[in-house]
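Close look at the chain arrangement
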Amino acid sequence: MSELRKFLFDGLPVRGAIVRLTDAWQEVLRRRASNTTAGAYPAPVQSLLGEMTAAAVLMQSGIQFDGALVLQVFGDGPLKLAVVEVQSDLRVRATASLTGPVESGATLAELINQTGQGRCAITLDPARKQPGQQPYQGVVALSDGEEQSFGRMAEVLQHYMRHSEQLDTVLVLAADAQVAAGLLIQRLPVKGEANLAGQAGQSSEGEATEQADTQGQNEDFNRIAHLASTLKREELLTLDIDTVLRRLFWEEGVLTFAPLTGEAGPRFACTCSRERVAQMIRGLGVAEAESILSERENIEVGCEFCGQQYRFDAVDAAQIFAPPGSLPPGSQSVQ
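A brief report on the enclosed structure follows.

Reading guide: rules and limits
- Residues numbered from 1 in each chain as written.
- Predicted model: local features only at pLDDT ≥ 70, side-chain atom pairs only at ≥ 80, totals over all residues.
- Heavy atoms only, no water.
- Patch = residues over 30% accessible without salt bridge, like charges linked within 9 Å, V, L, I, M, F, W, Y side chains within 5 Å.
- Areas by Shrake-Rupley, 256 points an atom, 1.4 Å probe, with all protein chains shown as cover.
- Salt bridge = Lys/Arg side-chain N within 4 Å of Asp/Glu carboxyl O.
- Helix = DSSP H or I, 4+ residues; strand = E, 2+ residues; numbered from the N terminus.
- Buried < 20%, exposed > 50% of the residue type's maximum accessible area, 1.4 Å probe, protein only.
- Pairing = 2+ DSSP bridges.
- Arc of directions from axis to C-beta.
- Contact = heavy atoms within 4.5 Å.
- 1 Å grid on protein atoms, 1.4 Å probe; cavity = no way out; pocket = protein on both sides within 12 Å on 5 of 7 lines; lining within 4 Å.
- Points joined across faces, edges and corners; volume = space filled by probe spheres on them.
- Nonpolar A, V, L, I, M, F, W, Y, C, P; charged D, E, K, R; others polar.
- Polar contact = N/O pair within 3.5 Å; in protein donor to acceptor, adjacent residues only side chain to side chain.

**A word on a nonpolar patch on the surface**
A grouping of Leu 8, Leu 255 and Phe 257 is seen on the molecular surface, where their side chains present a nonpolar patch of about 260 Å² in accessible area. Here Leu 255 is to be found in strand S12 (residues 254-256).

This is how it looks when you write it as structure tokens:
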């Protein structure tokens, strides 16, 4: 079962979170692989999208925000767009669009930043917008100030958090066909406001506190960040959360919160459904539905986000257009 664990370091201005997405991530891949039109993601795309999914859950878990956090990368290359959406209650969905073949072992730059046009965008879209309110969005290039392409998604997001949000951050991300996982370590702002978190902190410690709040200057964060950076990909993918935390921070005072799992934790959820597709077919009208069925066995509709395919045969279509109370027995051939 997918799990998110948040933790603090006792007496230090450092927080962390670690996530292991198992069933939620496997459902993302299952839906895509079962789509007869699109097919499964190539391994490099699968890895990148999994890392993005784990990162998006970690970032959403660290803010107080009622709405969706949307993480996107887009640019040039065979991967046109990759998107992850995480709601404030940790419902997750993810997708990627391809425009060409992907070479085995393709790097981030080869996938989506071949000519330096790649971008990463993080959007906070409120669930209940006030009149005139616009989503908050931050955008950064997939390369550093010297136009060197980042090699890993973690480097892109660390760059974003440090330069756009002024928060020292270390991310370790990994994904395969079974698990998408990530570890986040972040320096808590002693004073001021973090844009992404939208939370204000107060300081009354004078010049010493100001020094500790300067990026890259906090020795406690630097020490813990170094420990976090020693975590290997294989460890993140195969070890349970308690083991990871114990191995990394056994000399630190780690205060862990209760694990978030099941309906309280990260879980797959897409807004598509068979009922919504049926409403769309009803909107086409009887004549159009019958015209489609005269040419093929089923009306087939795929969700453009998650890839789930919905199929309606002639009996299903009759149910859609039948008056209430006069429905014939339903077909069992769906999906």
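Once you've had a look at it, read on.
**A few points about the pattern of salt bridges**
Scanning all chains against the criterion turns up 16 salt bridges. Among the salt bridges present, the one from Arg 91 reaches Asp 89, with a minimum N-O distance of 2.8 Å. Overall, the relative accessible area of 34% leaves Arg 91 in the partly exposed class. One salt bridge connects Glu 300 with Arg 311, and the closest N-O pair in it is separated by 2.9 Å. Residue Glu 300 is located in strand S15 (residues 299-302), and its partner Arg 311 is located in strand S16 (residues 309-312); the two are separated by 11 residues in the primary sequence. Note on Glu 300: relative accessible area 37%, which makes it partly exposed.

**Topic: the sheet that holds strand S6 (residues 119-126)**
Taken in spatial order, the six strands make up an open sheet running S7-S6-S3-S4-S5-S14, and their pairing is mixed. A single partner strand is all that each edge strand has here, and the edge strands are strand S7 (136-141) and strand S14 (267-268). Sheet analysis places strand S5 (residues 91-98) next to S14, joined by two bridges and oriented parallel. The partner of Val 92 across the bridge, within S14, is Phe 268.

**A look at the pairing of S6**
With respect to burial, S6 is a largely interior element, six of its eight residues being buried. Across eight bridges, strand S3 (residues 67-74) lies against S6 in antiparallel orientation. Each residue of the ladder has a partner; that of Val 73, found in S6, is Cys 120. With six bridges connecting them, S6 and S7 associate as antiparallel partners. Bridge assignment links Leu 124 to a residue of S7, and that residue is Tyr 136.

**Some details on helix H1 (residues 23-33)**
All of the buried residues in H1 are Ala 24, Trp 25, Val 28, Leu 29, Arg 31 and Arg 32. The buried residues of H1 occupy an angular sector of 160 degrees when projected down its axis, which confines them to one face. Looking at the packing, one finds that the buried side of H1 touches strand S2 (14-21), helix H2 (43-61), S5, strand S9 (180-187), S14 and S16.

**A look at the layout of surface pockets**
Volume-wise, the largest pocket comes out at about 390 Å³. Taken together, 22 residues form the lining of the largest pocket, with Glu 51, Gly 151, Arg 152, Met 153 and Leu 173 sitting closest to its centre. If one sorts the elements of the lining of the largest pocket by residue count, H2 sits on top with five residues. Residue classes in the lining of the largest pocket are distributed as 13 nonpolar, five polar and four charged.

**Here we look at the side chain of Thr 169**
Looking at the element boundaries, Thr 169 is found in strand S8 (residues 169-175). Thr 169 sits in the buried class, given a relative accessible area of 0%. Among the polar contacts listed, one links the side chain of Thr 169 to the backbone oxygen of Leu 167, at a separation of 3.1 Å. Within polar-contact distance, the side chain of Thr 169 engages the side chain of Gln 186 at 3.0 Å. Discounting chain neighbours no more than four positions away, the residues touching Thr 169 are Gln 158, Met 161, Arg 162, Leu 184, Ile 185, Gln 186 and Phe 221.

Just geometry here; none of it tells us what the structure is for.
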